[in-house]
Each structure stands twice: as structure tokens, then as C-alpha cells.
Amino acid sequence: MPAQLDGKRVVILATHGFEQSELEVPLKKLKDAGAHVDVVSPEAGEIKGWDMKDWGWPVKVDKTLDQARADDYDAIVLPGGVMNPDHLRVNNDALELIRAFFDAGKTVAAVCHAPWLLIEAGIVKGRNVTSFNAIKTDVINAGGKWQDAPVVTDKGVITSRNPGDLDAFSAKIIEEIKEGKHARKAA
């Protein structure tokens, strides 16, 4: 694949308990497309994933949350799992970083349970989104227009349902970044 994203920079924000494939598949596909990708976490060192029904394996953290600035990147990707977004949605620094990407009109992508982070950051209301079906009611109660589709994009906010959607999710992230479709400004 040609390096479609040369010069583009992406943050994958995660902590312990991220769904293994939901971090690793976008990470690989974005790197294969030529993007520089930093795994960012509140913790330094390594974070451990969750692989479907048990603990997965560690992933190296490139930067801690306090070192990451939206101004330095083109997009943010939020993997799901249950534990990962549940821990991050009570972390004000994580929510501020997500909101900074959104406010700057940059691509914000969330899969599975990660739309919980979009809810906490105040991004879902009035927006077309999807998520893992278990949090459909949470999305609707936050004012989101929930859809059952592999990928839903609404003005630079990309959402997907589960690991089965990762190829489509990753392709849409690459497309949005490449085409600069993240020129939306928050109202």
C-alpha cells in the first residue's frame, strides 16, 4: 500500500484493559499507510490489553497523557473494551485531550465501548454514531442518533461497533485523515 499518510500524526489513547485488536489493528493499518502513531496513556511504560475473554499482552506506551497535545497530531483513535474507556472516562486529562481534537476540527475515532468517552466529552449530542450494542441506550440518552452500521461518520467523528468492523473503521480513519475531512469546527 502506498504511504497515503506520510507526515500525518495520530494518537491512540488507551489504558489497561483496552480490547487488544481494537488498538493493534488500527495501529498497524495507520502505520502501514505511512502515519506516525503514538500510543498515549496516563501510565508510562506498557499497558496490558484484554483479548476477548482474558488478559492479552502489553503494548508499549510512546507518550504519557501529560505529554500529548492535540496541536501536534491530525487525529485521535479511541479503542474500546469495557475497562479501558470506563477508566478513561473519569480521567479529566483524557477527556480534555479528546475534546481538544474535536474542538480543533480534527478526526476523532471511537470503537466498541469507546463512545462512552465521546459521551463524557460532550461530543455525542445530535450526532450520528454507532457503538457496541450494550451501550446503545447510553448513546441515545446522551442525545446521539444511534445507528446499527459497521462505521458511522458525522463531521469528522468516526464510530464503529466491535472488532468485526475494524477493517472498515481503520479504512475510514485513513480516508478522513488523507482527505483532510476533519476541517469541521465545533459549534
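Every value quoted in this text rests on a predicted model; they were computed, and no experiment measured them.

Right, let's talk about the overall build of the protein chain for a bit. Across its full length, the protein chain holds six helices and eleven strands. For 187 residues, the compact-globule formula gives about 16 Å, and the C-alpha radius of gyration of the protein chain, at 15 Å, lands near that figure. Taken along its principal axes, the extent of the C-alpha atoms in the protein chain is 35 × 35 × 30 Å. When each of the 187 residues of the protein chain is scored for burial, the buried share is 51%. Of all intrachain contacts in the protein chain linking residues separated by at least 6 positions in sequence, the fraction that spans at least 24 positions is 66%. Accessible surface computed for the protein chain: about 8200 Å², of which carbon and sulfur atoms make up 49%. Averaging the locations of the 24 positively and 28 negatively charged side chains of the protein chain gives two centres separated by 6 Å.

We now examine the pairing of strand β7 (residues 107-111). Where burial is concerned, most of β7 is hidden: five out of the five residues are buried. A two-sided burial pattern is seen for β7, the buried positions comprising Thr-107, Ala-109 and Val-111 on one face and Val-108 and Ala-110 on the other. Pairing of strand β6 (residues 75-78) with β7, which is carried by four bridges, proceeds in the parallel orientation. Looking across to β7, one finds that Ile-76 is bridged to Val-108. Alignment of β7 against strand β11 (residues 157-160), held across four bridges, turns out to be parallel. Paired with Ala-110 across the strands is Thr-159, a residue of β11.

Once that is clear, we can look at the sheet that holds strand β2 (residues 36-41). Across a sheet, paired strands are connected by hydrogen bonds in the backbone, their directions being either parallel or antiparallel. Strand order in this open sheet of seven strands is β5-β2-β1-β6-β7-β11-β10, and the pairing throughout is mixed. Both outer strands of the open sheet, β5 (63-64) and β10 (151-154), are each paired with one neighbouring strand and no more. Its contacts with the sheet put helix α1 (residues 20-32) on β1 (9-13), β2, β6 and β7, and the angle it makes with β2 is roughly 155°.

So, on to the packing of α1 against helix α6 (residues 166-178). Relative orientation of the contacting elements α1 and α6 amounts to 45°, with a least axis distance of 10 Å. Taken as axis vectors, α1 and α6 run oblique relative to one another. Once α1 is placed against α6, the crossing between them reads as right-handed. Residues Ser-21, Glu-22, Val-25, Pro-26, Lys-29 and Leu-30 of α1 pack against Leu-166, Asp-167, Phe-169, Ser-170, Ile-173, Ile-174 and Ile-177 of α6. Its residues placed into classes, the contact of α1 with α6 shows eight nonpolar, two polar and three charged.

So, how was this worked out
- Residues numbered from 1 in each chain as written.
- Predicted model: local features only at pLDDT ≥ 70, side-chain atom pairs only at ≥ 80, totals over all residues.
- Heavy atoms only, no water.
- Helix = DSSP H or I, 4+ residues; strand = E, 2+ residues; numbered from the N terminus.
- Rg over C-alpha atoms; globule rule 2.2 N^0.38 Å.
- Buried < 20%, exposed > 50% of the residue type's maximum accessible area, 1.4 Å probe, protein only.
- Contact = heavy atoms within 4.5 Å.
- Areas by Shrake-Rupley, 256 points an atom, 1.4 Å probe, with all protein chains shown as cover.
- Lys, Arg positive; Asp, Glu negative; His and termini not counted.
- Charge placed at Lys NZ, Arg CZ, Asp CG, Glu CD.
- Pairing = 2+ DSSP bridges.
- Axes fitted to C-alpha atoms, helices over the stretch in contact; angles between N-to-C directions.
- Parallel < 35°, antiparallel > 145°, perpendicular 65-115°, else oblique.
- Left-handed = near helix turned anticlockwise from the far one by under 90°.
- Nonpolar A, V, L, I, M, F, W, Y, C, P; charged D, E, K, R; others polar.

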